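# Structural overview
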Amino acid sequence: MVSRAVLHVDMDAFFVSVELRDRPELVGKPVIVGFPGGRSVVLSASYDCRARGIHSAMPMSQAIPLMPEATVVEPSHHKYALASEEIMSYFRTLTPMVEQVSVDEAFLDVTGSMRRLGGPVEIGRNIRSHIRDNMGLPASVGIAKNKFIAKLASTYAKPDGMAVIAPERTGEFLEELPVAKMWGVGKRTAQQLHALGIETVGQLSREPEERLVARMGEHGRSLFLLSKGIDDRPVEVTREEKSISAEHTFAADISDLQILEEELLRLSHRVARRLRDSGKAAGGVGLKIKYRDFTGLTRSKALSAASDSSATISEAAGLLFRKLIPLTQPIRLIGVRAERLEDPDFGLQLSLDPKDEKVREAERVADLIGQKFPQSMVTPARFLRPRD
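These notes cover the structure that comes with them. (Residues numbered from 1 in each chain as written. Predicted model: local features only at pLDDT ≥ 70, side-chain atom pairs only at ≥ 80, totals over all residues. Heavy atoms only, no water.)

## Considerations on the overall build of the protein chain
The criterion, for reference: Working definition: helices are DSSP H or I runs of at least four residues, strands are E runs of at least two. Numbering for both runs from the N terminus. Here, two residues are considered to be in contact whenever any of their heavy atoms come within 4.5 Å of each other. Accessible surface is estimated by sampling points in the Shrake-Rupley manner with a 1.4 Å probe; for residues, cover comes only from the protein chains shown.
Along the backbone of the protein chain there are 16 helices and 12 strands. For the protein chain, long-range pairs separated by at least 24 residues make up 65% of all intrachain contacts whose partners lie at least 6 apart in sequence. Accessible area of the protein chain: about 19900 Å², with a carbon and sulfur share of 53%.

Structure representation (structure tokens):
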């Protein structure tokens, strides 16, 4: 594989794997990561849970009855962000051509690294060994000549494996693959292809291109090229998060302003902590609301200066929320978003008020405590409740 080698690295049940690493007493037991509330959804599930039909985004009210013996672990997004950053930083020591797709997956173009690190198979093996030995986490790796095939290969490698699709065997690999497995084929597109009598990628590759374009436009042309294993998209190094957000769906519709404001504060602190973890500052703050009847709205506010402070983010989110009072109806979901992300070295403005700097210093100390003691929780005093 000398022309081009692309790896797709996908962490296996990432949130669950991080929890099992930090809580070894749960190893070998069914685990679901998510809030146990009725309207909450599954964020991640161990593979034995998946065998029972539990999957990400499934309502917890449906997932728990499928496996009532599973341990439900509330998510620790701070830990997941730290683990993700460590993994992505390691990838960049192998090649500068790294495209982070999500918190737990990335494409690596290792074409220019093979003289130094060996062939793509050797690199893939070393990646899996390094992540397991140094981070205690499993990863699956797909290796192919382009992003489309590498992504498919990593899916077939799961869990905790590696799949290699040599260039000359690409057509053979795609021949019997269901079209629904293709990148860019959702439920509606699959139905369109099935209506044309196309069930497999091999059948799609033998379909006249003009017929697909006539039925599906440029999307049809794109699928035709992918069916032949043609994907010239580069690994995009400059891909960056445009925003960082957190939201919460309540178990019951809420109109109590105190409860809503406390949840808004909690979400603001979570977003600000992720900002600091990622080395970014927000130039604006957004608010997301979904009402009882599922209608929703979003509001945004520009900050006078970019900030990564929990206090600043929560203050801006609170101002946006108070403009919606009195509420037209109870709220089922509320969310906070940090927008217009930038490098704080250029945009972060130090406050002239000593109190503000003390608050920011306290937040940095809280972050350090959370990094050193992941099981601890440093939280605003407002969230504390007297013991019975």
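## Remarks on the sheet that holds strand β12 (residues 331-342)
Test applied: If DSSP finds at least two bridges between two strands, the strands pair. Throughout, an axis means a line fitted to C-alpha atoms (over the contacting stretch in the case of helices), and angles, computed between N-to-C directions, take values from 0 to 180 degrees.
Across the sheet, four strands lie side by side as β9-β12-β10-β11; this open sheet has antiparallel pairing. Pairing within the sheet leaves two strands with one partner each, and these edge strands are β9 (243-254) and β11 (296-307). Here the strands of the sheet are splayed against their neighbours by 15° on average, with no regard to which way each runs. Note: β9 against β12, eight bridges, orientation antiparallel. Looking at β12, one finds that I254 is bridged to I331. Against the sheet, helix α13 (residues 257-278) contacts β9, β10 (281-291), β11 and β12, and its axis sits at roughly 155° relative to β9.

## Observations regarding the sheet that holds strand β2 (residues 31-33)
On the basis of which strands lie adjacent, the open sheet formed by three strands has the order β3-β2-β4 and mixed pairing. With partners counted over all chains shown, the strands left at the sheet margins are β3 (44-45) and β4 (71-73), one partner each. Inspection of the sheet shows β2 paired to β4 by three bridges, in the parallel sense. Residue pairing for β4: V31 is matched across the bridge by T71. The sheet strands contacting helix α1 (residues 14-22) are β2, β3 and β4, and the helix crosses β2 at an angle near 115°.

## Quick word on the pairing of strand β6 (residues 105-109)
Worth spelling out the cut-off: Partly exposed residues are those whose accessible area sits between 20% and 50% of the maximum for their type, while under 20% is buried and over 50% is exposed, using a 1.4 Å probe and protein chains only.
In terms of residue burial, β6 counts as a mostly covered element, since five of its five residues are buried. Pairing of strand β1 (residues 6-11) with β6 involves five bridges; the strand directions are antiparallel. Looking at β6, one finds that D10 is bridged to E105. Here strand β5 (residues 98-102) runs beside β6; their pairing, made up of four bridges, is antiparallel. Across the sheet, the residue bridging to Q100 is A106, located in β6. In sequence, β5 turns back onto β6 through a hairpin of two residues.

## Some words on the nonpolar core
Formally: Side-chain atoms within 4.5 Å link the members of a nonpolar core, which is a set of buried Ala, Val, Leu, Ile, Met, Phe, Trp, Tyr and Cys residues.
Judged by nonpolar contacts, the single largest core of 33 residues is most densely connected at F14, F91, L108, I127, I131 and L137. Of all the secondary structure elements, the ones that give two or more residues to this core are β1, α1, β2, α4 (77-94), β6, α6 (120-135) and β7 (139-144).

## Digging into unusual backbone geometry
A cis geometry characterises the amide bond from K158 onward to P159, with omega recorded as -5°. Cis rather than trans, the peptide bond between I325 and P326 has omega equal to 5°. With respect to the helices and strands, P326 occurs in the loop between α14 (310-322) and β12. The phi angle at A13 is positive, at roughly 40°, despite the residue not being glycine.

## Concerning the environment of P159
Considering the arrangement of structural elements, one finds P159 in the loop between α7 (147-157) and β8 (162-164). Sequence-wise, P159 and S140 are 19 residues apart; in three dimensions their C-alpha atoms are separated by 6.4 Å. When sequence neighbours within four positions are dropped, the list of residues in contact with P159 reads D12, Y47 and S140.

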